[in-house]
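Listed below, chain by chain, are the residues.
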Amino acid sequence: MSKQINVALIGNPNTGKTSVFNALTGLNQQVGNYPGITVEKKEGICKLPRGVKAHIIDLPGTYSLNASSLDESVVIELLLNKNDKDFPDVAVVVSDVENLKRNLLLFTQIKDLEIPCLLVVNMADRMRRKGITLDIGYLEQQLETKIAVISTRKNEGIENLKQQISNYKELSVKPCLNASEIDTEYFNRLQKAFPNQLLYKLWLVITQDVNFGKTDRKDIDAIASFKTKSKGDLKRLQQKETIKRYQFINNVLKRGQTIDITQATDVRTKLDRILTHKIWGYVIFFFILLTIFQAIYDWSSVPMDWIDSSFASLSNWVKETFPGGGKVTDLIAEGIISGLGGIVIFIPQIAFLFLFISILEESGYMSRVVFLMDRIMRRFGLSGKSIVPLISGTACAIPAIMATRNIESWKERLITILVTPFTTCSARLPVYLIIISLVIPEGRILGLSYQALTLMLLYLIGFGAAVGSAWILNKVLKIKSKTFFVVEMPNYKVPLFKNVALTVLEKTKAFIFGAGKIILAISIVLWVLASYGPGEQFNNAENIITEQYAAQDLTEDELQQKIASHKLEHSFIGLTGRAIEPAIRPLGYDWKIGIAIVSSFAAREVFVGTLATIYSVGSDDEETIKNRMAGEVNPILGGPLFNFASGISLLLFYAFAMQCMSTLAIVKKETNSWKWPTYQFVIMTAIAYIVALLSFQFLK
Amino acid sequence: MQHTIVHLKRGEKGVITDVSSELIPLKLLEMGCLPGNFVELVQVAPFSDPLYLNINGSHLAIRKETAIHILIDKIDE
């Protein structure tokens, strides 16, 4: 037996549970999914005193053991299933010193499950500012537990917490109150029918709709006498139970906690007066968004230029160092390195975007935006909570769609899921950036560059498309669902550097490696398709071109270029592009862009990598993608291929089209049907085609 | 006249007297919205909806449609 114990971190949202997890595990953590569902599973390893290792699992935040969402039911399923490999040896309940009363509700429920239970009081650094003092000895005695007072912000008490976790065997498993008093007769009957089961566990199974160990539920349903309680009766009992628990907690805190209000300084009130103000609240929100886009655009240009030139010289270096490598050297230099360069270059921007999103979340500001936007969003059939998916959708639609789970009404949630892919995700960013830099002039107005403003406009178009289609869906969809809306307004906090840094690192890594695999594979396939072709035109290109231009006095370089481009045109990829060209010519695109669009249906970010591969196959010099694209000529109309009209058309196509297989897969999972992702794909792509067509025809 | 949370003005306080359990989600009760607890209206969004409340020390926002089902006694200061 290895000396490893299972520790589960449980707590209300906004108690700093994840900070505790980060403080305990540092970089020894990984993020995955619970099997079969898309709830994020965070686990890590922590070394405890005396050589004991702890496997720590950071469970989703929940206010109680009465689950109302998939995320919350994960917590209960784990706590009720002793056979789960992650079943905790000790449950660590994380609470926030300012919301102790509410946090203890969950604590008393977990105590009733008779699992060894340790109470962590976090954010102790705020105690003095809020005038709070705790009588730890008294609380430990009343709550039948040990208490660790810590501050993740000041990094205080962490070692002591580890010590206490390692002493888990000394923790009491006695419940701290008797909740069955709410209906003694009923609970007695229940216990008599199942003498070997824990009463509170039975009660949870009866009152929950979630599925924990099907057999338990069936056993209880099989005994008819326990169906005597109607849903309404059960809910009244749950209310009684909640009141009972609060009575106990109030009594305990009356002696165990003193709050001297005269000592309390109230930053929250002052900030809320401005940040949730009827006018200033919206103005500030708008300026925060504006700053984010300006930052993404301006601050990332330096590292991006550096990455761009590094990959260009790396590709060149490979070619010069291994000149005899033939096809293999070509594949590495032109297929793989250009393809990867096309994705690595966007790391700075993606990291900045996640940096801002995680700061907004961590500081508590995001809840204020939910509050401000709810009424407006509701007009479009959305919820104020839809603002979080719509904003995180600017990073990636996949986590954004998963973030819709806390929207209570199914109709509002479905509409949010369906429209979120319109928001400008980070995979669109590479496409936008390169095209904007080609077709939008440099220059500034009021200190803001035209290019940054165009980018902001594209984000607004995405947002507008999402909201507009939500409005239509709200009229069209006939779904009746109960709506209620509760959102916690957490305290304002200065975001912890460690939390923000870990989020940025983890999300950027997921993006790069997730997308990187697809991009690498597609780059290789494209390179092969571009390097081989059927028939005389491809295989005999040298002779055909030499003869054709024999009369003209071409330099060797010019001749080589003509040959290369003739070859590309008659390669497999060229033929494919030619085949679809009639469909996309009215949008202002040539067959090369056509190929890039087709490969984008695997994932949008492939666009740039694809063009990189196609163009560097077409020529041998070290021009980077952008310069290469600027030099492309429209074969029919003459003039640059990427001009204002075709550029705008392309931008709009990418703004509306549904080009992400992973998103479709998530939508299928979350709506549990192929119907919604199919609608999404067909309708979004049709809109994209029509809008791109109209814009090119008007602007050309 | 029977008051509900909707009748509070910004900054005013009350004590919850009754919540209709059929119409109020359990989650709200668990966050402290129970008879006997105090409630303060911290802020209102435009069109008085949603309402930003301090209930028993928990800060949360709910919609007007929910708030009309929470009966209170106003506290005059």
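The name an unreviewed UniProt entry gives chain B is Ferrous iron transport protein A, with Lacinutrix venerupis as the organism.

As recorded in an unreviewed UniProt entry, chain A goes by the name Ferrous iron transport protein B, listed as coming from Lacinutrix venerupis. Quoted verbatim from the Function (unreviewed entry) field of the UniProt record, the comment on chain A reads "Probable transporter of a GTP-driven Fe(2+) uptake system." UniProt, in its Sequence similarities (unreviewed entry) section for chain A, records the words "Belongs to the TRAFAC class TrmE-Era-EngA-EngB-Septin-like GTPase superfamily. FeoB GTPase (TC 9.A.8) family."

Here we come to the overall build of chain B. A count of helical and extended segments in chain B gives two helices and six strands. Tracing chain B from N to C terminus, the helices and strands come up as β-β-α-β-β-β-α-β. Against the compact-globule benchmark of 11 Å for 77 residues, chain B has a radius of gyration of 11 Å, which places it among compact chains. Projected onto its principal axes, the C-alpha coordinates of chain B cover approximately 25 × 25 × 25 Å.

Before going further, it helps to examine the packing of helix α20 (residues 428–439) of chain A against helix α30 (residues 644–656) of chain A. Residue and element names in this part refer to chain A. Packing of α20 against α30 leaves a shortest axis separation of 10 Å and a crossing angle of 165 degrees. In terms of orientation, α20 and α30 fall into the roughly antiparallel class. In terms of crossing hand, the pair formed by α20 and α30 is left-handed. In this structure, α20 uses R428, V431, Y432, I435, L438 and V439 to contact α30, whose residues at the interface are F644, G647, L650, L651 and Y654. Here the contact of α20 with α30 is composed, by residue class, of nine nonpolar, one polar and one charged.

A separate point is the interface of chain B and chain A. The interface of chain B with chain A comprises 28 residues on the first partner and 30 residues on the second. Contributing elements (two or more residues each) for the side of chain B that touches chain A: α1 (26–30), β3 (38–44) and β5 (58–62) of chain B. Broken down by class, the residue content of the side of chain B that touches chain A amounts to 15 nonpolar, eight polar and five charged. Relative to β5(B), strand β12 (residues 486–488) of chain A is paired through three bridges, and the arrangement is antiparallel. Looking at β5(B), one finds that A:V486 is bridged to B:I62.

This part takes up the packing of helix α3 (residues 100–112) of chain A against helix α10 (residues 231–256) of chain A. When two helices pack together, their arrangement is given by the angle between the helix axes and the distance between those axes. All names here are of chain A. Axis separation between α3 and α10 bottoms out at 10 Å; the angle between their running directions is 125 degrees. As the angle between them shows, α3 and α10 are arranged oblique. The handedness of the crossing between α3 and α10 comes out as right-handed. Residues L100, K101, L104, L105 and T108 of α3 pack against R245, Y246, F248, I249 and L253 of α10. A per-class count over the contact of α3 with α10 returns seven nonpolar, one polar and two charged.

Moving on, we come to unusual backbone geometry. The omega torsion of the bond from B:D49 to B:P50 falls at -5 degrees, within 30 degrees of zero and hence cis. Its location among the elements puts B:P50 in the loop between β3 and β4 (51–55). Of note in this structure, A:E114 is not a glycine but carries a positive phi near 60 degrees. For A:E114, a count of 14 C-beta atoms within 10 Å corresponds to the partly exposed category. In this structure, A:N155 takes a positive phi of about 60 degrees despite not being glycine. Mapped onto the fold, A:N155 is located in the loop between β8 (146–149) and α6 (158–166). Judged by the 13 C-beta atoms lying within 10 Å of it, A:N155 is partly exposed.

Residues and elements named next belong to chain A. Within this structure's numbering, the places UniProt gives as "binding site: Mg(2+) 2" (unreviewed entry) are A23, T25 and G26. Note on A23: 23 C-beta atoms within 10 Å, which makes it buried. For A23, the contacting residues outside a window of four places in its chain are T152, N155 and I158. Relative to the helices and strands, G26 resides in the loop between α1 (17–25) and β2 (29–33).

When pLDDT is low, close inspection of the predicted coordinates is not appropriate. All names here are of chain A. Across chain A, pLDDT averages 83, with 91% of residues at or above 70. For chain A, the element scoring lowest by mean pLDDT is helix α9 (residues 214–222), at 56; strand β5 (residues 90–96) scores highest, at 94. Within the model, pLDDT remains below 50 along residues 618–622, and this stretch shows seven contacts once partners closer than five positions in the same chain are excluded.

Procedures and definitions
- Per chain, the residues get numbers from 1 upward, laid out in the order the sequence is written.
- For this description, chains carry letters from A and ligands carry numbers from 1, given in the order in which they are written.
- Only residues with pLDDT of at least 70 are given local features in this predicted model, and only at 80 or more are side-chain atom pairs given and counted; all residues enter the totals for whole chains, interfaces and linings.
- UniProt positions are given in the numbering used here, feature names are shortened, and annotations may be inferred rather than shown by experiment.
- The numbering of helices and of strands both runs from the N terminus, where a helix is a DSSP run of H or I of at least 4 residues and a strand a run of E of at least 2.
- This radius of gyration counts C-alpha atoms alone. The globule rule is 2.2 Å times how many residues there are, raised to the power 0.38.
- Throughout, an axis means a line fitted to C-alpha atoms (over the contacting stretch in the case of helices), and angles, computed between N-to-C directions, take values from 0 to 180 degrees.
- Here is the rule for angles: anything less than 35 degrees is roughly parallel, anything more than 145 is roughly antiparallel, 65 through 115 is roughly perpendicular, and the remaining ranges are oblique.
- By definition, turning the near helix anticlockwise from the far helix through less than a right angle yields a left-handed crossing, and turning it clockwise yields a right-handed one.
- Whether two residues are in contact is decided by their C-beta atoms, placed from the backbone, lying within 7 Å.
- Under the scheme applied, nonpolar residues are Ala, Val, Leu, Ile, Met, Phe, Trp, Tyr, Cys and Pro; charged residues are Asp, Glu, Lys and Arg; polar residues are all the others, including Gly.
- Two strands are counted as paired when DSSP detects at least two bridges linking them.
- To sort residues by burial, count the other C-beta atoms lying within 10 Å of each one's C-beta; a count of 20 or more means buried, 12 or fewer means exposed, and anything in between means partly exposed. C-beta atoms are built from the backbone.
- Confidence per residue, as judged by the predictor, is encoded in pLDDT with a range of 0 to 100.

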